[in-house]
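One letter stands for each residue in the lines below.
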Amino acid sequence: MTALSDNHVAAAYVRLLYDYLENLGMDARGLLGVPPVLAEDGLEKVPLAFWRRSLEIASQHLDEPALGLAVARTITARHFDVLGYVVSHCGTLGEALARLERYHRLVYDVNPARVATVGDSLEVRWGVERGRPGALVDETGVAAVVQFIRNLVGRDLPVEAVHFVNPEPADPAPYQAFFGAEVRFDCAWTVLRIPLTYLALPLGAPDPGLVDILDRQAQSLLERQPRAGSPHDADLVRLMREGRPTLEALAEHYHVSARTMQRRLAEQGETFQAVLQRVRYQLAREYLADGRLELTEVAALLGYSEHSAFTRAFRQWAGVGPKRWRREWVATSNPISWE
């Protein structure tokens, strides 16, 4: 499990918003600042927190709640970096989507995507086990995938269904118009569903030789990306949000006894307490980054009955108290202008 504050998106993907604002004649750098790009693992990345904040600033400045849909309409292959060029030269949409599934972490590594066939449909699901990036991040991401699919086949294809985990906006009509289907909100999963018949649609510029070269490049980049934490982390996050962050509840999830669960953790070099503290620290940083939450609420969300107990634990994890951590995080997250 990775805290949202640790996640990144591709710098090329963030460029999508800058290009959109500049095409409107706006000074994108003056409004948002220059993205703090990290060049590592063979990729240029930008912290997810910066991407989320940039979308929020642009949405407020333009007075456009459904900004993600408008931005997504301008997506091109270069905004998906090497992944965009791989899928652009596939033979069919099915081949392209298979690579989108395989390499999506190169562009957007937040909640993992799960792809399955459901009747006559192909369904992509994203959960919330690593947290909720927010409505604008989710909407931009799903809309960008749909628009890119449309660009690949050269048609304005409608989808079958779209679900979002976020609350329904004041005006859902733009979402229904963009996706060409009923869009639901306040769902357990973010879902994109398309007909299986779409997978056979041919693309306009197939080049198997180039795809093979780009495939190897993308796979090499993917292998250099850091892996997510222990699978028990994500399970414990769910239990924590249910108010049951205990060894017994984790063992019940795996249909084993508490003693067996302890033994399995030990075989992996873990203890339940170590996993619990790691997950709490990661979630604490995510919650503290959200200025709407009071410290007492953060403590309660992490399962602490006393605010003071949370403060002591956080100081042990981070070396500073939660108030100071939040103050410093806000200071370093403000957009700055880099020449």
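Scroll up for the structure.
This report concerns the structure included in the present document. (Residues numbered from 1 in each chain as written. Predicted model: local features only at pLDDT ≥ 70, side-chain atom pairs only at ≥ 80, totals over all residues. Heavy atoms only, no water.)

## Quick notes on the overall build of the protein
- Helix and strand counts for the protein stand at 16 helices and eight strands.
- The buried share of the protein, taken over its 339 residues, is 51%.
- In the protein, the share of contacts with a sequence separation of at least 24, taken over all contacts with a separation of at least 6, comes to 68%. (Helix = DSSP H or I, 4+ residues; strand = E, 2+ residues; numbered from the N terminus. Buried < 20%, exposed > 50% of the residue type's maximum accessible area, 1.4 Å probe, protein only. Contact = heavy atoms within 4.5 Å.)

## Notes on the sheet that holds strand E8 (residues 190-195)
- Within the open sheet, the five strands sit side by side as E4-E5-E8-E6-E7. Their pairing is mixed. The open sheet is flanked by strand E4 (113-118) and strand E7 (183-184), the only strands paired with a single partner.
- The pairing of strand E6 (residues 161-163) with E8 spans three bridges and is antiparallel. Paired with Ala161 across the strands is Arg193, a residue of E8.
- On the sheet, helix H7 (residues 135-153) packs against strand E5 (121-126), E6 and E8 and is oriented at approximately 15° with respect to E8. (Pairing = 2+ DSSP bridges. Axes fitted to C-alpha atoms, helices over the stretch in contact; angles between N-to-C directions.)

## Focus: the layout of surface pockets
- By volume, the second largest pocket amounts to about 590 Å³.
- Around the second largest pocket, the lining comprises 33 residues; the ones closest to its centre are His104, Ala113, Val124, Trp126 and Val145.
- Counting only elements with at least two residues in the lining of the second largest pocket, the list comes to helix H6 (93-103), E4, E5, H7 and E8.
- Counting residues per element, the lining of the second largest pocket draws most heavily on H7, which supplies seven residues.
- A breakdown of the residues in the lining of the second largest pocket according to their chemical character gives 25 nonpolar, six polar and two charged. (1 Å grid on protein atoms, 1.4 Å probe; cavity = no way out; pocket = protein on both sides within 12 Å on 5 of 7 lines; lining within 4 Å. Points joined across faces, edges and corners; volume = space filled by probe spheres on them. Nonpolar A, V, L, I, M, F, W, Y, C, P; charged D, E, K, R; others polar.)

## As for the pattern of salt bridges
- A full pass over the atoms with the stated rule returns six salt bridges.
- Two residues, Arg193 and Glu123, come together in a salt bridge whose shortest N-O distance is 2.8 Å. Within this pair, whereas Arg193 is found in strand E8, its partner Glu123 is found in strand E5, the two being separated by 70 residues in sequence.
- As a salt-bridge pair, Asp156 and Arg150 come within 3.2 Å of each other at their nearest N and O atoms.
- Several salt bridges share partner residues, and in doing so they unite Arg15, Asp19, Glu22 and Arg78 into one network. (Salt bridge = Lys/Arg side-chain N within 4 Å of Asp/Glu carboxyl O.)

## With respect to the packing of aromatic side chains
- For the structure on display, the rule yields 13 aromatic pairs.
- Taking the centre distance of 6.3 Å and the plane angle of 55° together, the rings of Phe164 and Phe179 count as tilted. Of the two residues, Phe164 is situated in the loop between E6 and helix H8 (173-179) and Phe179 in helix H8; the sequence distance between them amounts to 15 residues.
- Residue Phe179 is classed as buried on the basis of its relative accessible area of 0%.
- Put simply, the rings of Tyr281, Tyr304, Phe310, Phe314, Trp317 and Trp325 touch in pairs and so form one group of aromatic residues. (Phe/Tyr/Trp six-rings, centres within 6.5 Å; stacked < 30°, edge-to-face > 60°.)

## Concerning unusual backbone geometry
- In this structure, Asp63 is a non-glycine residue whose phi angle is positive, near 55°.
- In this structure, Asp63 sits in the loop between helix H3 (48-62) and helix H4 (67-72).
- A positive phi angle, close to 60°, is found at Asp81, a residue other than glycine.
- Inspection of the secondary structure puts Asp81 in helix H5 (residues 81-88).

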